[in-house]
Number of protein chains: 2
Amino acid sequence: MDEAAFLDSYDPDRFERPSLAVDLILTSVVNGAPAVLLHRRRDHPFAGSWALPGGFVGIGESLDDAARRVLVDKAQMDGAYLEQLYTFGAVERDPRMRIVSTAYFALLPAERFMTAAALALAQIDRPEDGTATASIAGEPVPLAFDHAAMLDLAIRRLRGKLDWSPVAFALLPERFTLRALQDVHEAILGRPLNKPAFRRRLIDSGRIAATGERETGASFRPAELYRHVGQG
Amino acid sequence: MDEAAFLDSYDPDRFERPSLAVDLILTSVVNGAPAVLLHRRRDHPFAGSWALPGGFVGIGESLDDAARRVLVDKAQMDGAYLEQLYTFGAVERDPRMRIVSTAYFALLPAERFMTAAALALAQIDRPEDGTATASIAGEPVPLAFDHAAMLDLAIRRLRGKLDWSPVAFALLPERFTLRALQDVHEAILGRPLNKPAFRRRLIDSGRIAATGERETGASFRPAELYRHVGQG
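Starting from 1, residues in each chain are numbered consecutively following that chain's sequence as written. Starting at A for chains and at 1 for ligands, labels are handed out in the order in which the entities are written. Per-residue local features of the predicted model are confined to residues with pLDDT of at least 70, and side-chain atom pairs are confined, for both listing and counting, to 80 or more; whole-chain, interface and lining totals are unaffected and use all residues. Working from all heavy atoms in the structure, the side-chain values ignore hydrogens and water.

### Examining the relation of the copies chain B and chain A
Each of the two chain copies can be brought onto the other by rotation about an axis and movement along it. Copy-to-copy superposition: least squares on the C-alpha atoms, limited to residues that have pLDDT of at least 70 in both copies. Under the fitted operation, chain B is carried onto chain A by 0.0 Å of movement along the axis and a turn of 180°, and the coordinates agree to an RMSD of 0.1 Å. Taken together, the rotation angle and the small translation identify this as a two-fold axis. Between two residues, a contact is recorded if the distance between any of their heavy atoms is within 4.5 Å. The fraction of interface residues of chain B whose copies in chain A are also interface residues reaches 80%, indicating that both copies meet through the same surface.

Structure representation (structure tokens):
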């Protein structure tokens, strides 16, 4: 049998297969804290719980395309920095049926984040020694499925990548002050950083460049604006 | 139709779903070069090409369990350091049908690696600016599916993690010489390292400790044996 004949006779339905979904961790830093967009589930399972926006992967759709589609359809957003985070494949993670989910994070500057009106803004709370939880207006909200584990991994991944990848810059507008950059680092790391050491390190890294412009607005002494340059 | 109505009428079997597989990048450093275990495909598709060992994910099996099962069934190995690498979800990656594959790497010391008799040992070749390829006894071998991309990502991930994760130690026996540790680093990075600087950095890192023992064998001046300690 040649390959064409083999493919013609191949029966993909011989085995039961899991369903495949994507879930999005739409993250930004808002008011000095890591934040995520959630929607409240009206239906079973987990009715009343909050959940990450997600959807099933179509038969003719790549994983990345599915993530982009969910971003547009459920968050009415486009053009975020999207990155595959991890595939969650525990057998009992969804009570409906076997569903394996590939989690993506989508990083956005706070300003763009606020336009996702269909979803609610939650703060990500991550005690040093536990799993991440979320709260809305100070009230902890219960998360559906294994979405707390997804949030937790997203924060850990962001912490791990902060110093050598452009994730911090994906959370900021194109031009930003050093104070705003430090705020993002501190929010992700969950601890304060020494201001002179942070500024020296970032400027010495060659990853940012001064634009020669200054912020506009109410500031008494407007700070200089920087932009991200180079690979990292 | 609002979301509630949509979910009420939702039939999980209404949509065709992708199949889900795992593929293993069984990696070690052998004779100073990164190596991977491959099998030659006898059947279509890609008959005659070399491929990573893999298999479909069972309906009642977690992704991690599927990876462990493939490790035992196809490589006759157990107890490797297994880590999920990435989920490959391009639509046309398998000509049989839509198959999404979660790649895992399995890291092993060279000694244990040699016992996987069912598979062939291939060297991973990675030109600085291209995709990884594999060769057996110096001859390049064609890889099935997107397995060259999986190999390439595995090497890039190992490079990225070398300095802060225990991956290098997973590629070594429990007790190792500083020369062997440097060999592993050089093989993964694909470039030589300065010996005194490497030794100072590793010893200062607190990640290794001298055992007080020395290697046995033919060496004229047997080197001291170290072991991995701590989190990294």
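### A word on the domain arrangement of chain A
One frequent convention defines the size of an interface as the accessible area lost when the parts assemble. All names here are of chain A. Reported domain spans reflect what an automatic or database domain assignment gives. Here the domain parsing of chain A yields domain 1 (19–161) and domain 2 (167–228). A separation of 27 Å is found between the C-alpha centroids of domain 1 and domain 2. Listed as interface residues are 17 residues of domain 1 and, on the opposing side, eleven residues of domain 2. By definition, the buried area sums, over both parts, the 1.4 Å-probe accessible area that each loses when the two are put together. Together, the buried faces of domain 1 and domain 2 total about 1,100 Å²; carbon and sulfur atoms form 73% of this surface. Put simply, DSSP H or I for four residues or longer makes a helix, DSSP E for two residues or longer makes a strand, and each gets a number counted from the N terminus. When contributions to the side of domain 1 that touches domain 2 are tallied by element, the ones reaching two or more residues are strand E1 (19–30), strand E2 (33–40), helix H3 (110–113) and helix H4 (147–161). With four residues, the single largest contributor to the side of domain 1 that touches domain 2 is H4. Under the scheme applied, nonpolar residues are Ala, Val, Leu, Ile, Met, Phe, Trp, Tyr, Cys and Pro; charged residues are Asp, Glu, Lys and Arg; polar residues are all the others, including Gly. Within the side of domain 1 that touches domain 2, the residues separate by chemical class into ten nonpolar, three polar and four charged.

### What about the UniProt feature "domain: Nudix hydrolase" (unreviewed entry) in chain A?
Feature annotation in UniProt assigns "domain: Nudix hydrolase" (unreviewed entry) to the following positions: residues 31–106 of chain A. Span residues 31–106 of chain A is 17% helix and 38% strand, its end C-alpha atoms 18 Å apart. UniProt positions are given in the numbering used here, feature names are shortened, and annotations may be inferred rather than shown by experiment.

### Remarks on the environment of A:Gly48
Residue and element names in this part refer to chain A. Along the chain, Gly-48 falls in the loop between E2 and strand E3 (50–51). Separated by 73 residues in the primary sequence, Gly-48 and Leu-121 have C-alpha atoms spaced 16 Å apart. Sequence-distant contacts of Gly-48, defined by excluding residues within four places in its chain, comprise Arg-40 and Arg-41.

### Some thoughts on the packing of helix H6 (residues 178–189) of chain B against helix H7 (residues 195–204) of chain B
Residues and elements named next belong to chain B. The contact between H6 and H7 brings their axes to 11 Å, and the two run at 105°. Taken together, the axes of H6 and H7 are roughly perpendicular relative to one another. Between H6 and H7, the contacting residues are Leu-178, Arg-179, Leu-181, Gln-182 and His-185 on the first element and Lys-195, Phe-198, Arg-199, Leu-202 and Ile-203 on the second. Here the contact of H6 with H7 is composed, by residue class, of five nonpolar, two polar and three charged. An axis is simply a line fitted to the C-alpha atoms; with a helix, the fit covers only the stretch in contact. Between two such axes, the angle follows the N-to-C directions and lies from 0 to 180 degrees. Should an angle fall under 35 degrees it is taken as roughly parallel, and over 145 as roughly antiparallel, whereas 65 to 115 is taken as roughly perpendicular and any remaining angle as oblique.

### Here's the deal with the layout of surface pockets
Here a cavity denotes grid points, spaced 1 Å and computed from the protein atoms alone, that fit a 1.4 Å probe unable to get out, and a pocket denotes an open set having protein on both sides within 12 Å along at least 5 of 7 lines; residues with an atom within 4 Å of a point are the lining. Grid points are joined across faces, edges and corners, and a volume is the space filled by probe spheres set on the points. A volume near 1,100 Å³ is recorded for the largest pocket. Lining the largest pocket we find 32 residues, and of these A:Arg157, A:Lys161, B:Arg157, B:Lys161 and B:Trp164 sit closest to its centre. Elements that contribute at least two residues to the lining of the largest pocket include exactly helix H2 (63–75), strand E5 (81–88) and H4 of chain A together with strand E5 (81–88) and helix H4 (147–161) of chain B. By residue number, the principal contributor to the lining of the largest pocket is E5(A), which donates six residues. Per-class residue counts for the lining of the largest pocket are 14 nonpolar, eight polar and ten charged.

### Here we look at the packing of aromatic side chains
Residues and elements named next belong to chain A. Working definition: a ring pair exists when centres of Phe, Tyr or Trp rings (six-membered ring for Trp) sit within 6.5 Å. Plane angles under 30 degrees give stacked, over 60 give edge-to-face, the rest tilted. Counting across every chain of the model gives six aromatic pairs over all chains. On the numbers, 5.4 Å between centres and 70° between planes, the contact of Tyr-86 with Phe-88 is edge-to-face. A simple rule labels every residue: compare its accessible area, found with a 1.4 Å probe on the protein chains alone, to the largest value its type can have, and call it buried under 20%, exposed over 50%, or partly exposed in between. With a relative accessible area of 12%, Phe-88 lands in the buried category. Aromatic pair Phe-169 and Phe-176: ring centres 5.8 Å apart, planes at 35°, arrangement tilted. For the pair shown, Phe-169 and Phe-176 are each scored as buried.

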